[in-house]
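# Examining the three-dimensional arrangement
Residue-level listing of the chains:
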Amino acid sequence: SAITIEKIFEVVTIFADDTPFYNLLPAAEKQLMVAGITAFVFKVYIHSTPNTDSNAMHSLEFADMLVPIFSFLTCLVGLWLILFSIHICDNWSKAARASTAELLNSYHGRFYRYIPSCLCRATARV
C-alpha cells in the first residue's frame, strides 16, 4: 500500500508541476507521515502495556485502525481535488485563448446533444 501511495504522489507531482498546486503536495505527504507515526505509537503502546483495561485496549485498537484509514482517505480526496483543479484551470486557459464563436459552438453542440432530434428540427424551422 505504501508503494501505491508513493506512485500516486509521483503521478500527481507530474501533473501539478508548473502549477500553483505543486506546493500543496508536501502538506499531504506530511499528513501521511503523521498518520504513520500515530499508528506506530498506538501499536507500541498496545504491545508494551499488558495490564490495561480491555475497554481501553479495544478503543486503542479501534483508533489504531481508523487513524490510517481516514488519513489515507483525506489525502486521496485532497489529491483528487488538486487534479480536478488542474483540469479546471487548464480548461479556463483554453477558454481564454479561444474566440467567442469557438466557445459558443462548443456549448451549442453540447446543448443539442441532450435535446431529442424532433425538437431540434422544430426549433430549426422557427
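Conventions used here
- Residues numbered from 1 in each chain as written.
- Predicted model: local features only at pLDDT ≥ 70, side-chain atom pairs only at ≥ 80, totals over all residues.
- Heavy atoms only, no water.
- Helix = DSSP H or I, 4+ residues; strand = E, 2+ residues; numbered from the N terminus.
- Buried < 20%, exposed > 50% of the residue type's maximum accessible area, 1.4 Å probe, protein only.
- Contact = heavy atoms within 4.5 Å.
- Areas by Shrake-Rupley, 256 points an atom, 1.4 Å probe, with all protein chains shown as cover.
- pLDDT = per-residue confidence, 0-100.
- Axes fitted to C-alpha atoms, helices over the stretch in contact; angles between N-to-C directions.
- Parallel < 35°, antiparallel > 145°, perpendicular 65-115°, else oblique.
- Core = buried A, V, L, I, M, F, W, Y, C linked by side-chain atoms within 4.5 Å.
- Patch = residues over 30% accessible without salt bridge, like charges linked within 9 Å, V, L, I, M, F, W, Y side chains within 5 Å.
- Salt bridge = Lys/Arg side-chain N within 4 Å of Asp/Glu carboxyl O.
- Expected span 1.5 Å × (residues − 1).

The next thing to look at is the overall build of the protein chain. Within the protein chain, the secondary structure is distributed over 5 helices and 0 strands. Listing the helices and strands of the protein chain from first to last along the sequence gives α-α-α-α-α. When each of the 126 residues of the protein chain is scored for burial, the buried share is 17%. Put simply, of all contacts in the protein chain between residues at least 6 apart along the chain, 58% involve residues at least 24 apart. Of the roughly 9700 Å² that the protein chain leaves accessible, carbon and sulfur atoms contribute 68%.

Here aspartate 64 shows up in helix H3 (residues 54-97). What makes aspartate 64 buried here is its relative accessible area of 9%. Ignoring any residue separated from it by four or fewer positions in sequence, one finds aspartate 64 in contact with Ala39, Phe42 and Lys43.

What follows concerns the confidence of the model for the protein chain. Per-residue pLDDT for the protein chain has a mean of 75; in total, 79% of the residues score no lower than 70. For the stretch residues 122-126, pLDDT sits under 50, and the model shows 1 contact to residues farther than four places along the chain or on other chains.

Time to look at the packing of helix H2 (residues 25-48) against H3. Relative orientation of the contacting elements H2 and H3 amounts to 170 degrees, with a least axis distance of 9 Å. Taken together, the axes of H2 and H3 lie roughly antiparallel to each other.

The next point concerns the nonpolar core. The biggest cluster of nonpolar side chains holds 12 residues, and these are Ile5, Phe9, Val12, Ala16, Phe21, Leu25, Ala28, Leu32, Cys75, Leu79, Ile82 and Ile86. Apart from residues lying up to four places away in sequence, isoleucine 5 is in contact with Leu32 and Phe72.

Below, the discussion takes up a nonpolar patch on the surface. Side chains of Ile8, Phe62, Met65, Ile69, Phe70, Leu73 and Leu76 sit close together on the surface and give an oily, nonpolar patch of about 640 Å² of accessible area. Here the nonpolar patch gets 6 residues from one element, more than from any other, and that element is H3. Tracing the sequence through the fold places isoleucine 8 in helix H1 (residues 2-16).

Once that is clear, we can look at H2. Taking 1.5 Å of rise per residue, 24 residues should cover 34 Å, and H2 covers 35 Å from first to last C-alpha, within 8% of that figure. Within H2, burial applies to Leu25, Ala28, Leu32, Ala35, Ala39, Phe42 and Ile46.

Once that is clear, we can look at the pattern of salt bridges. Tallied over the full model, the rule gives 2 salt bridges. Here lysine 7 and glutamate 10 are joined by a salt bridge, their closest N and O atoms 3.8 Å apart. On the criterion of helical spacing, the pair formed by lysine 7 and glutamate 10 is a turn pair, its members being 3 residues apart in helix H1.

Turning our eyes to something else, we now look at H3. With 44 residues, H3 extends 65 Å between its outermost C-alpha atoms, agreeing within 8% with the 64 Å of an ideal straight helix rising 1.5 Å per residue. For H3, the complete set of buried residues consists of Met57, Leu60, Asp64, Pro68, Ser71, Cys75, Leu79, Ile82 and Ile86.

Right, let's get into the environment of alanine 27. Assignment of secondary structure puts alanine 27 in helix H2. For alanine 27, a relative accessible area of 48% corresponds to the partly exposed category.

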